[in-house]
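# Residue-level structural notes
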Amino acid sequence: MALSEIASSYTKTTQITPSHLISPRPTSLHHHHRLSLRPSRGRSRRFGILCSVVPSEVQAPAVPSSAEAVNNKKRECFGVFCLASGEVFGPDQPISLKLLGSERSIQALEGVAMELEDSLYPLLRQVSIGIDPYEVFQDVEWALLIGARPRGPGMERAGLLDINGQIFAEQGKALNAVASSNVKVIVVGNPCNTNALICLKNAPRIPAKNFHALTRLDENRAKCQLALKAGVFYDKVSNMTIWGNHSTTQVPDFLNARINGKPAKEVINDTKWLKEDFTEIVQKRGGVLIQKWGRSSAASTAVSIVDAIRSLTNPTPDGDWFSTGVYTNGNPYGIAEDIVYSMPCRSKGDGDYELATDVIFDDFLRDRLKKTEAELLAEKRCVAHLTGEGNAFCDLPEDTMLPGEQ
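Looking at an unreviewed UniProt entry, the protein chain carries the name malate dehydrogenase (NADP(+)), with the source organism given as Acorus calamus. UniProt annotates the protein chain under Catalytic activity (unreviewed entry) with the comment "(S)-malate + NADP(+) = oxaloacetate + NADPH + H(+)". Per UniProt, the comment on the protein chain under Sequence similarities (unreviewed entry) is "Belongs to the LDH/MDH superfamily. MDH type 2 family."

If you want it as structure tokens, here you go:
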């Protein structure tokens with residue numbers, strides 16, 4: 001599966017393709033694809049991981065606010081397949097889902113389609129499968145570009161940039177040719193920042209502002225760690241920014257983060273932990289997960305994709321913001337232009353966003369912003385042959401890993 005796209009016209013059918021695409025015209029249900037994530041069977045062990053609850057409230061029952069809340073309770077959904085359930089685009093928005101794969105993955109996509117078919121999502125109007133992006137991307141309004149080759153043993157970072165960059169260059173050309181002119185594109189496949197840059201450079205018809213690199217999983221991980229340290233629910237953590245590249249140079253920003261409306265540094269009076277442990281835990285969380293589980297994150301990545309889309313299709317709560325990797329031209333932070341860099345954003349819920357301006361900086365934060373910026377500029381030089389900027393020249397400052405690489 002390479003892509004997921006979702007088209008969210010609020011009066012028409014939204015089409016999604018995995019790479020998921022959604023386009024805006026009502027159609028009859030063809031193939032329904034639905035995914036559910038189920039816990040594996042086997043021995044279970046208890047761990048003291050309490051990201052969403054505080055210890056004193058572990059046993060507290062969830063009490064609905066009213067009988068109406070019980071009657072209107074939505075069925076559970078998991079990850080990207082919340083798209084088909086109305087959890088992302090609303091309870092009245094029909095969805096058309098397109099799945100882009102390859103000759104190797106087509107049978108797996110057929111299995112996904114069967115799952116969706118059997119799930120009877122009332123808003124899912126169509127599911128189609130294809131291997132030609134020029135057909136699958138036709139008129140899509142949201143594109144989720146998920147598939148990319150993982151870094152293999154002995155592979156240099158420059159080699160990974162080139163191999164995956166070619167995939168996203170071709171997908172950018174296809175989107176440019178046949179997608180909606182205002183399509184929103186979320187790049188998940190790594191290295192996602194530079195892949196997003198390659199994609200947008202090959203799609204000049206589409207506004208550069210419409211391209212995103214997924215850093216929401218990093219934001220969610222950072223919120224969880226602050227919540228654990230402070231002993232609060234994760235939803236008490238706001239204004240959490242991930243700056244820069246989706247690599248181990250990323251900068252989880254505790255200076256601007258807030259817990260229960262107060263600066264995180266006032267709630268967590270442990271500067272050493274914030275500067276050292278917190279930052280490293282978030283940067284290397286993906287790698288630790290692989291060591292424990294033997295594979296890259298899946299469920300949490302799917303949830304973060306849904307969170308990222310929701311942040312663009314729902315108004316940002318007053319005073320808060322969210323993280324996403326976006327094109328830097330015109331940014332107010334002094335970050336180098338013409339790269340894709342994760343920054344704090346706000347949305348009115350119309351699919352668009354603006355950069356947050358009420359952000360504070362100190363020397364510690366600025367030093368780290370420059371380091372991740374330097375890495376992205378070096379990656380950009382490595383893929384110049386894919387962005388129309390001449391011959392590539394790789395001078396990566398160091399062979400930093402992506403979260404989850406070994």
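Secondary structure summary: the protein chain contains 11 helices and 16 strands in total. Counting the 406 residues in the protein chain, one finds 52% classified as buried. Across the protein chain, the fraction of contacts at a sequence separation of at least 24, relative to all contacts at a separation of at least 6, is 73%. Accessible surface, the protein chain as shown: approximately 19,100 Å² in total, 50% of it carbon and sulfur.

Where helix α6 (residues 216–230) meets helix α8 (residues 271–293), the closest approach of the two axes is 10 Å, and the angle between their N-to-C directions is 135 degrees. The angle between the axes of α6 and α8 places the two elements in the oblique class. Considering only the axes of α6 and α8, their crossing is right-handed. Listed contacts from α8 to Asp-218, Arg-221, Ala-222, Gln-225, Leu-226 and Lys-229 of α6 are Trp-273, Leu-274, Phe-278, Ile-281, Val-282, Arg-285 and Gly-286. In the contact of α6 with α8, the residues fall into seven nonpolar, two polar and four charged.

Within the fold, Gly-147 resides in the loop between β6 (142–145) and α4 (157–178). Judged by its relative accessible area of 14%, Gly-147 is buried.

Considering all chains together, one arrives at 17 salt bridges under this definition. The salt bridge partner of Arg-221 is Asp-218, with a shortest N-O separation of 4.0 Å. Here Arg-221 pairs with Asp-218, and both are found in helix α6, just three residues apart, close to one helical turn. Taking relative accessible area as the criterion, Asp-218 reaches 0% and is therefore assigned buried. Between Glu-219 and Lys-223 there is a salt bridge, and its shortest N-O distance comes to 3.2 Å.

Turning our eyes to something else, we now look at the nonpolar core. Here is a general trend for soluble globular proteins: nonpolar side chains tend to be buried in one another's company. Within the largest apolar cluster, 43 residues are counted, with the highest numbers of intra-cluster contacts made by Leu-124, Ile-186, Trp-243, Ile-309 and Tyr-341. When residues of this core are traced back to their parent elements, those giving at least two are β4 (95–100), α2 (106–119), β5 (124–130), β6, α9 (299–313), β14 (322–327), β15 (340–346) and α10 (363–382). With five residues, the single largest contributor to this core is α9. Membership of the second largest hydrophobic core comes to 25 residues, among which are Leu-100, Val-185, Ala-203 and Ala-213.

Once that is clear, we can look at the environment of Thr-249. Turning to its location among the elements, Thr-249 is positioned in the loop between β10 (241–243) and β11 (251–253). Separated by 119 residues in sequence, Thr-249 and Arg-368 place their C-alpha atoms 7.7 Å apart. Within the structure, Thr-249 has its side chain in polar contact with the side chain of Thr-372 (distance 2.9 Å). Within the structure, the side chain of Thr-249 is placed 2.7 Å from the side chain of Glu-375, a separation counted as a polar contact.

With burial as the criterion, each face of strand β7 (residues 184–187) is covered, one bearing Lys-184 and Ile-186 and the other bearing Val-185 and Val-187. As paired elements, β7 and strand β8 (residues 211–213) share three bridges and run parallel to each other. Bridge assignment links Val-187 to a residue of β8, and that residue is Ala-213. Where the polypeptide runs from β7 across helix α5 (residues 192–201) and back to β8, its parallel neighbour, the crossover connection is right-handed.

Quick look at the packing of aromatic side chains now. Under the counting rule described, the total for this entry stands at seven aromatic pairs. Each ring, one from Phe-89 and one from Trp-142, has its centre 5.8 Å from the other, and the planes form 65 degrees; the classification is edge-to-face. Of the two residues, Phe-89 is situated in the loop between α1 (67–71) and β4 and Trp-142 in strand β6; the sequence distance between them amounts to 53 residues. You can call Phe-89 buried: its relative accessible area is 7%. With a centroid separation of 5.9 Å and an interplanar angle of 45 degrees, the aromatic rings of Phe-254 and Phe-364 are classed as tilted. In this pair, Phe-254 is assigned in the loop between β11 and β12 (258–259) and Phe-364 in helix α10, connecting sequence segments 110 residues apart. A single burial state applies to Phe-254 and to Phe-364, both of which are buried.

Before going further, it helps to spend a moment on α10. Over its 20 residues, α10 runs 29 Å from end to end, which matches the ideal 28 Å to within 8%, given 1.5 Å per residue. Phe-364, Leu-365, Leu-369, Thr-372, Glu-373, Glu-375, Leu-376, Ala-378, Glu-379, Lys-380 and Cys-382 are the residues of α10 that are buried. Between a side-chain oxygen at the N-terminus of α10 and the backbone nitrogen of Phe-364 the separation is 3.3 Å; the capping residue is Asp-362.

Along α5, nine of the 10 residues are buried, which leaves the element largely enclosed by surrounding structure. Within α5 the residues assigned to the buried category are Cys-192, Asn-193, Thr-194, Asn-195, Ala-196, Leu-197, Ile-198, Cys-199 and Leu-200.

Using the criterion set out here, one finds one disulfide in the structure. Disulfide pairing is shown between Cys-382 and Cys-394; the S-S distance is 1.8 Å. Linking Cys-382 in helix α10 with Cys-394 in the segment after α11 (384–387), this pair joins segments that are 12 residues apart in sequence. Its relative accessible area of 39% is what places Cys-394 among the partly exposed residues.

Within the open sheet, the three strands sit side by side as β9-β12-β13. Their pairing is antiparallel. Looking at strand neighbours, the two that pair on one side only are β9 (237–238) and β13 (262–263), the edges of this open sheet. With two bridges connecting them, β12 and β13 associate as antiparallel partners. Within β13, the position partnered with Ile-259 by the bridge is Lys-262.

How each quantity is defined
- Residues numbered from 1 in each chain as written.
- Predicted model: local features only at pLDDT ≥ 70, side-chain atom pairs only at ≥ 80, totals over all residues.
- Heavy atoms only, no water.
- UniProt positions renumbered as here; feature names shortened; annotations may be inferred.
- Helix = DSSP H or I, 4+ residues; strand = E, 2+ residues; numbered from the N terminus.
- Buried < 20%, exposed > 50% of the residue type's maximum accessible area, 1.4 Å probe, protein only.
- Contact = heavy atoms within 4.5 Å.
- Areas by Shrake-Rupley, 256 points an atom, 1.4 Å probe, with all protein chains shown as cover.
- Axes fitted to C-alpha atoms, helices over the stretch in contact; angles between N-to-C directions.
- Parallel < 35°, antiparallel > 145°, perpendicular 65-115°, else oblique.
- Left-handed = near helix turned anticlockwise from the far one by under 90°.
- Nonpolar A, V, L, I, M, F, W, Y, C, P; charged D, E, K, R; others polar.
- Salt bridge = Lys/Arg side-chain N within 4 Å of Asp/Glu carboxyl O.
- Core = buried A, V, L, I, M, F, W, Y, C linked by side-chain atoms within 4.5 Å.
- Polar contact = N/O pair within 3.5 Å; in protein donor to acceptor, adjacent residues only side chain to side chain.
- Pairing = 2+ DSSP bridges.
- Right-handed = clockwise from strand over helix to strand, strands pointing away.
- Phe/Tyr/Trp six-rings, centres within 6.5 Å; stacked < 30°, edge-to-face > 60°.
- Expected span 1.5 Å × (residues − 1).
- Disulfide = S-S within 2.5 Å.

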